[in-house]
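Next come the chains, spelled out residue by residue.
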Amino acid sequence: MIPALENLVGPLSSSSLSSSSYEWKCQEWGFDVYQLSCDTCDLIPPSHKSHCQTCCQSWKTLDTRTERYGYAILVEGSYLSEQLQEFVKEDIQHVQQMTTHKFAVLPHNPHTKQSGGGLGLMGGGFQQMMGGSSSQLYFFESQPSNSQDESIFASHAKKTIDLQAWKRDDVRDMVITLLTK
C-alpha cells in the first residue's frame, strides 16, 4: 500500500483506484509514472516529495542527475498548457539570466512537424487526438546551428523531454539546474 496516495484518495484496492486513476492522479500532480525515478524525489522541494514518492518507479535510476548541458531549446507545441504559458510569459528572462543566455524558446510553427506525444491518452496522445502537439525541451552539449527545424533538434539533442503535464516551477528549476555548472 502507498501511504501518501492512501491519505489523498483512501485505501488502495482494485475497487477504489484503478491503474488509470492512479496514473491520472500522478499526472495531475505533474509526474509521469513511466519516466519518474525515485532518485528525482530527493531533488524536488519537500512539499512535493510525498506525491513524487507515490508516483515514482523505484527500479528507474537518475543516471543524468549530475550531467549538465551547454544549451537548451523549448519548442512550443500547438497545445501549450496554462503552466507552460506562464513559464514562457513570466520566467524566460529569469532563466536566461541564471543560465547566461543558454536557453531559447521557439514559438509554435504550424508548418513544422513536431515530435512528442504518444498514441495513448496518458502519453500525450490526448493533445495529439485533439489535433495538438505537446511542447518539447531539447538539451544540447552546445548551442545548435541557427536552425528552426525541430527534426534537427531531435536528432542532435543529448536529451529530449516531453513537457506535457509539467508544472511551471518544475520546468524552470530543471532548466536552471541542468544548464548551470
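Rules and cut-offs
- Residues numbered from 1 in each chain as written.
- Predicted model: local features only at pLDDT ≥ 70, side-chain atom pairs only at ≥ 80, totals over all residues.
- Heavy atoms only, no water.
- Helix = DSSP H or I, 4+ residues; strand = E, 2+ residues; numbered from the N terminus.
- Buried < 20%, exposed > 50% of the residue type's maximum accessible area, 1.4 Å probe, protein only.
- Contact = heavy atoms within 4.5 Å.
- Areas by Shrake-Rupley, 256 points an atom, 1.4 Å probe, with all protein chains shown as cover.
- Phe/Tyr/Trp six-rings, centres within 6.5 Å; stacked < 30°, edge-to-face > 60°.
- Expected span 1.5 Å × (residues − 1).
- Bend = angle between axes of the 7 residues up to and from the residue.
- Pairing = 2+ DSSP bridges.
- Right-handed = clockwise from strand over helix to strand, strands pointing away.
- Disulfide = S-S within 2.5 Å.

(A) Region of the structure containing the overall build of the chain. Scanning the chain for helices and strands turns up seven helices and four strands. Mapped in sequence order, the helices and strands of the chain form the string α-α-α-β-α-β-α-β-α-β-α. Going through the 181 residues of the chain one by one, you find that 40% of them count as buried. Taking as baseline every contact in the chain between residues at least 6 positions apart, the subset at least 24 positions apart corresponds to 63%. A total of about 10400 Å² of accessible surface is found on the chain, and carbon and sulfur atoms cover 51% of it.

(B) Structural view of the packing of aromatic side chains. This structure, assessed with the given rule, holds four aromatic pairs. Both rings, one in Phe140 and one in Phe153, keep their centres 5.9 Å apart while their planes meet at 70°; by these two values the pair is edge-to-face. Linking Phe140 in strand S3 (residues 136–140) with Phe153 in helix H6 (residues 150–156), this pair joins segments that are 13 residues apart in sequence. For the pair Phe140 and Phe153, one class covers both residues: buried. One aromatic cluster is present, built from ring pairs that chain together Tyr138, Phe140 and Phe153.

(C) Highlighting helix H4 (residues 82–98). Taking 1.5 Å of rise per residue, the 17 residues of H4 would be expected to cover 24 Å, and the 23 Å separating its terminal C-alpha atoms lies within 8% of that figure. Its axis deflected by about 65° at Asp91, H4 carries its strongest bend there. Where H4 is concerned, the buried positions are Leu84, Phe87, Asp91, Ile92, Val95 and Gln96. Buried residues belonging to H4 abut strand S1 (71–75), strand S2 (103–106) and helix H7 (168–179). Following H4 by one or two positions, Thr100 has its phi on the positive side, about 50°.

(D) Spatial organisation of the pairing of S1. Of all five residues making up S1, five are buried, and the element is well covered by its neighbours. Across five bridges, the pairing between S1 and S3 is antiparallel. The residue of S3 that forms the bridge with Ala72 is Phe139. Sheet topology places S1 next to S2; four bridges connect them, and they run parallel. For Ala72, the partnering residue across the bridge sits in S2 and is Phe103. Once the chain exits S1 it traverses H4 before rejoining the sheet at S2, and the crossover so formed is right-handed.

(E) Examining the state of the cysteines more closely. Across all of its chains, the model carries three disulfides by this definition. Each sulfur in the disulfide pair Cys38 and Cys56 lies 1.8 Å from the other. Across the S-S bond linking Cys38 and Cys56, the dihedral sits near 80°, which makes this disulfide right-handed. A residue pair is termed long-range when its members are at least 10 positions apart, and Cys38 in the loop between helix H2 (19–28) and helix H3 (46–55) and Cys56 in the loop between H3 and S1 qualify at 18 residues. Take Cys56: its relative accessible area is 11%, and that puts it in the buried class. A sulfur-sulfur distance of 2.0 Å marks the disulfide that ties Cys41 to Cys52. Across the S-S bond linking Cys41 and Cys52, the dihedral sits near -85°, which makes this disulfide left-handed. Taken together, the positions of Cys41 in the loop between H2 and H3 and Cys52 in helix H3 put the pair eleven residues apart, joining distant regions of the chain.

(F) Geometry of the environment of Leu106. Residue position: Leu106 is located in strand S2. Judged by relative accessible area, Leu106 falls into the buried class, the value being 13%. Distance in space between the C-alpha atoms of Leu106 and Glu76 is 6.1 Å, their sequence separation being 30 residues.

Take it as geometry only, folks, not as evidence of what the structure does.
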